[in-house]
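# Architecture at a glance
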Amino acid sequence: MRNFFKTIQEDINAIFERDPAAKTVLEVLLCYPGLHAILIHRISHLLYKKGFVVLPRLISNIARFLTGIEIHPGAKIGRKIFIDHGTGVVIGETTEIGDNVTIYQGATLGGTGKDKGKRHPTIGNNVVISCGAKVLGPFKVGDNSKVGSGSVVLKEVPPNCTVVGVPGQIVIKESRRIGTIHDEIDLEHGKLPDPIVQELNCLQKRIIELEKKIIEMERSNIQ
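Predicted, not measured: the structure shown is a model, and the values here were computed from it. (Residues numbered from 1 in each chain as written. Predicted model: local features only at pLDDT ≥ 70, side-chain atom pairs only at ≥ 80, totals over all residues. Heavy atoms only, no water.)

## Considerations on the overall build of the chain
Looking only at helices and strands, the chain has 5 helices and 15 strands in total. When the 223 residues of the chain are sorted by exposure, 43% land in the buried category. Across the chain, the fraction of contacts at a sequence separation of at least 24, relative to all contacts at a separation of at least 6, is 37%. (Helix = DSSP H or I, 4+ residues; strand = E, 2+ residues; numbered from the N terminus. Buried < 20%, exposed > 50% of the residue type's maximum accessible area, 1.4 Å probe, protein only. Contact = heavy atoms within 4.5 Å.)

## Some details on the environment of Val157
With respect to the helices and strands, the residue Val157 is situated in the loop between strand 13 (152-153) and strand 14 (162-164). Of the residues examined, Val157 reaches a relative accessible area of 3% and is grouped as buried. Here the alpha-carbon distance between Val157 and Val141, two residues 16 residues apart in the chain, equals 4.6 Å. Residues in contact with Val157, not counting those within four places in the same chain, are Lys140, Val141, Gly142, Ser145 and Val163.

## A few points about the UniProt feature "domain: Serine acetyltransferase N-terminal" (unreviewed entry) in the chain
Listed under "domain: Serine acetyltransferase N-terminal" (unreviewed entry) in the UniProt record, and renumbered for this structure, are residues 4-38. Annotated as residues 4-38, this span is 80% helix and 0% strand, and its ends, taken at the C-alpha atoms, are 12 Å apart. (UniProt positions renumbered as here; feature names shortened; annotations may be inferred.)

## What to know about the sheet that holds strand 3 (residues 82-84)
The mixed open sheet is built from 6 strands, whose spatial order is 3-6-9-12-14-15. Edge positions in the sheet fall to strand 3 and strand 15 (169-172), since each has one partner strand and no second. Here 3 bridges tie strand 3 to strand 6 (residues 102-104), and the two strands are oriented parallel to one another. Following the sheet pairing, Phe82 is matched in strand 6 by Thr102. (Pairing = 2+ DSSP bridges.)

## Things to note about a nonpolar patch on the surface
A surface patch of nonpolar side chains, amounting to about 660 Å² of accessible area, comprises Phe52, Leu55, Leu58, Ile62, Phe65 and Leu66. Its place among the elements puts Leu55 in helix 4 (residues 54-67). A relative accessible area of 40% means that Leu55 is categorised as partly exposed. (Patch = residues over 30% accessible without salt bridge, like charges linked within 9 Å, V, L, I, M, F, W, Y side chains within 5 Å. Areas by Shrake-Rupley, 256 points an atom, 1.4 Å probe, with all protein chains shown as cover. Salt bridge = Lys/Arg side-chain N within 4 Å of Asp/Glu carboxyl O.)

## A word on helix 4
Since there are 3.6 residues in each turn of an α-helix, residues three or four apart along the chain are aligned in direction. Along its 14 residues, helix 4 runs 20 Å from first to last C-alpha, staying within 8% of the 20 Å computed at 1.5 Å per residue. Burial in helix 4 covers these residues: Pro56, Ile59, Ser60, Ala63 and Thr67. The buried residues of helix 4 occupy an angular sector of 100 degrees when the element is viewed end-on, so they sit on one face. Residues of helix 4 that are exposed and point more than 90 degrees away from the buried face comprise Val54 and Phe65. Looking at the packing, one finds that the buried side of helix 4 touches helix 3 (33-49) and strand 1 (70-71). Two residues or fewer after helix 4 comes Gly68, characterised by a positive phi angle close to 80 degrees. (Expected span 1.5 Å × (residues − 1). Arc of directions from axis to C-beta.)

## Observations regarding the sheet that holds strand 4 (residues 90-91)
Reading across from one edge, 1-4-7-10-13 is the order of the 5 strands in this open sheet, with parallel pairing throughout. Strand pairing shows two members of the sheet lacking a second neighbour, strand 1 and strand 13, which therefore form its edges.

## Topic: the nonpolar core
Counting residues in hydrophobic clusters, the biggest one holds 27 residues, and the most contacted among them are Ile71, Ile97, Ile103, Ile123, Ile129 and Val135. Ignoring sequence-local partners within four residues, the contact set of Ile123 consists of Glu96, Ile97, Gly98, Val101, Leu109, Ile129, Val135 and Val141. Ile8, Ile12, Ala22 and Val28 belong to the second-largest nonpolar core, a separate cluster that totals 9 residues. (Core = buried A, V, L, I, M, F, W, Y, C linked by side-chain atoms within 4.5 Å.)

Given below as structure tokens:
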């Protein structure tokens with residue numbers, strides 16, 4: 001029981017570390033649905049591990065009604081988790097989440113079909129799942145990686161990478177390593193590269209170069 005309350009305290013501390021809007025402990029306890037969802041999930045998960053089926057599912061459904069966040073009681077969630085805003089977050093049964101993970105509203109950690117066994121993602125330590133991102137399938141998102149807003153990730157992501165787009169593409173590899181779970185997490189998920197814009201810029205440069213060559217050829221022909 002002591003470990004349980006210590007884990008909850010760490011979840012509260014994570015909010016103060018990552019949300020500048022958090023002012024007091026009372027405010028966090030009363031007004032943060034992400035914390036409520038995590039707290040209730042930790043209770044339902046304990047019951048789930050003891051072999052109960054209906055009661056933990058009932059508890060998780062109550063949590064979904066109260067918070068707008070759906071976490072299956074079978075999901076394994078680590079320490080210092082922060083679900084910001086939270087509305088629309090869905091976390092599937094066989095999902096495994098490491099320590100120091102940040103999840104924004106509308107994110108889904110789900111499966112892609114009716115397969116049995118492990119069918120949901122494993123999220124490493126210090127990962128940021130941005131708003132509206134979908135991580136679907138039984139693969140791992142490596143430590144210290146970020147998933148951009150609205151991205152759909154369908155395959156494994158190595159550590160220290162940034163993924164954006166539909167389907168998700170790795171646009172940054174071996175970014176700044178965070179190291180331990182006690183170090184600061186890079187929450188700058190609103191300034192990620194756009195691979196489509198990058199490709200359009202490359203095409204635009206290529207067109208300009210070709211136009212210059214055409215003009216030079218026309219001038220040489222005239223002379």
